[in-house]
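Listed below are the residues making up each chain.
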Number of protein chains: 2
Amino acid sequence: MRAVGLNPHARGYSPPVPLGSVMPGGSLGQVVASKNPSFPVGERITGPAGWTQYYVTVPREPMRVQRGAKSVDVMSVLGGTGLTAYFGVFDILKPKKGQLAVVSGAAGATGLIAVQLLKIAGCTVLAIAGSDDKCAMLKNQYGADYVWNYKEGRAAFKEKLRQLDGGRFVDLYFDNVGGWHLAEVIDRIAQNGRICLCGQISLYNSKDPYYPLNTMTLVTQRGLMQGFIVIDYFKQFPEARKEMSKWIAEGKLKGEQTVVEGFDKVPQHFLKLFDGSNVGKLLVKVGEESAGPAKL
Amino acid sequence: MRAVGLNPHARGYSPPVPLGSVMPGGSLGQVVASKNPSFPVGERITGPAGWTQYYVTVPREPMRVQRGAKSVDVMSVLGGTGLTAYFGVFDILKPKKGQLAVVSGAAGATGLIAVQLLKIAGCTVLAIAGSDDKCAMLKNQYGADYVWNYKEGRAAFKEKLRQLDGGRFVDLYFDNVGGWHLAEVIDRIAQNGRICLCGQISLYNSKDPYYPLNTMTLVTQRGLMQGFIVIDYFKQFPEARKEMSKWIAEGKLKGEQTVVEGFDKVPQHFLKLFDGSNVGKLLVKVGEESAGPAKL
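The structure contained in this document is the topic of the report that follows. It should be emphasised that the depicted structure is a prediction, and the values quoted were computed from it without experimental measurement.

### Some remarks on the relation of the copies chain B and chain A
- For the pair chain B and chain A, the superposition axis carries a translation of 0.0 Å, the fit reaches an RMSD of 0.0 Å, and the rotation angle comes to 180°. Those values place the two copies in the arrangement expected of a two-fold rotation axis. For chain B, the minimum C-alpha distance to the rotation axis belongs to Pro 212 of chain B and amounts to 1.8 Å.

Next comes the structure, spelled out in structure tokens:
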């Protein structure tokens, strides 16, 4: 069996996926057969099902979905991508009221939550996305103070940053894309500025993952740049979900999802993450919900 | 008056030096005339004299040099460059016993102290310098476990890192040089690795200060990279000096200095920082010490 990684340029945070094995992936599903009285047929759970229609698992309590919970909350806000935003914002960026923050990939599953968390923390936020529609949504429905369509290119971004919020430097950057977005933000980083490296999607399919950055500006401005991965915070998930659930209930935080269908088209759907066609969490529906019982 | 900066590519941490004004610089000097009974003629003080032979100041107590103190301790270990090493190591790298650390510019004023502080913290240290003599000194006199002459070039450095200490990844990097040293260390950074950006001397005279780095590896390995400047720690200087003085007394920590002479040659001497001709702190002697009194 030959093992392949999805990105040959960087050591991954998961082991390479062996050929012929199930692709990893999170899921929201429904129990169709059970020997566990705590998780009877019809109960809904989340879990690392992978790209599959059915799987066998020993569910643990944190996987249980509260009755009445909406899938967009379960999978977007309180799922892996929402939790990623939570820990990136609060553990790495550590926002203070009044700071100027930038979020790239802001219409994606993680970025959309990061924008709202930074607003809850009292920051002024520039949200970056790849279409005017997404930008309008970020401004009108998610509270971004400023928006910018990155299709305008690097030179326009440099100018946008130079004039941002009356010419202020950038205190916080939630980076989902890397590349020239990151290079330009570093050039405009404020003293003691903080950058969380959440993802670098502009480089995922690049043959050259090395991108030119001005590290001297990080020295002179005492800039921090830190990568992180949500799984390291596993023990803090319940606490984070509790706080985010409160904000959901107060109407301060909401998710967004794009649902597509067809198990046989999962690989094509996956590629939507790279062409900008999803807004918020991208979910693939691979079966029908049912309340009916089933026997083992 | 036109203001010029020494590096036009990055916002500096000090204001540009106006043409015709005194170049900033630290000094160890002797009082030659005084109206302050606490600092009589003959007393030795440190201070921001700049590039000058005489200057007028209102000395504060922290500037006083203890009687019997050696210039190498005052200027190298307990001066700005030694304190830089102290805060870079303990506030940014936060070393743990047994970690694998790399120091670039290790024979310089700051690097030499960083190597020793990391050894005091119980790390295994690779010290990088620009000559075989400097490497031998770092190994034989300063306790570096491994040494490497960077004149061997990038490909050899990649191989050196790959085999370092039995193939371990790098937990801590005290970076004084930037450029390909930094790029290669990032490629070999350990999980939760920490990089302090102290200086980027390989880029100071480069027309292109943007250097290609693999930021995705920082994400997958949860790497931290942080710039810092010693002046931000001003209030902690006395505490740091106290701890380092204890290590000096115990023989665990020592400085190194290269003394050159001639006030008229200060600009040429300054350039030695860039050609590798100094070991440890570079001092220019611009006058003779005297115990004799003088009148205002």
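### Focus on the interface of chain B and chain A
- At the interface, 41 residues of chain B touch 41 residues of chain A.
- Summed over both sides, the interface of chain B with chain A buries roughly 3500 Å², with 55% coming from carbon and sulfur.
- Together, Arg 11, Tyr 210 and Arg 222 of chain B form the three largest contributors to the area buried by chain B at its contact with chain A, with a combined 23%.
- Counting across the interface, chain B meets chain A through 2 salt bridges.
- Where Arg 222 of chain A meets Asp 232 of chain B, a salt bridge forms, and the shortest distance between an N and an O atom there is 2.7 Å.
- Our enumeration of links across chain B and chain A arrives at 19 residue pairs in polar contact (both at pLDDT 80 or more).
- Counting residues per element, the ones that place at least two in the side of chain B that touches chain A are helix H6 (179-187), strand E9 (189-197), strand E10 (211-213), helix H7 (215-220) and strand E11 (224-227) of chain B.

### Description of the pattern of salt bridges
Residues and elements named next belong to chain B.
- Applying the stated criterion across every chain, the model contains 22 salt bridges over all chains.
- A salt bridge links Arg 162 to Glu 159; the nearest nitrogen and oxygen atoms lie 3.6 Å apart. Taken together, the residues span about one helical turn, with Arg 162 and Glu 159 both in helix H5 (residues 154-163) at a distance of 3 residues.

Calculation criteria
- Residues numbered from 1 in each chain as written.
- Chains lettered and ligands numbered in written order.
- Predicted model: local features only at pLDDT ≥ 70, side-chain atom pairs only at ≥ 80, totals over all residues.
- Heavy atoms only, no water.
- Least-squares fit on C-alpha atoms with pLDDT ≥ 70 in both.
- Contact = heavy atoms within 4.5 Å.
- Buried area = accessible area lost by both parts, 1.4 Å probe.
- Salt bridge = Lys/Arg side-chain N within 4 Å of Asp/Glu carboxyl O.
- Polar contact = N/O pair within 3.5 Å; in protein donor to acceptor, adjacent residues only side chain to side chain.
- Helix = DSSP H or I, 4+ residues; strand = E, 2+ residues; numbered from the N terminus.

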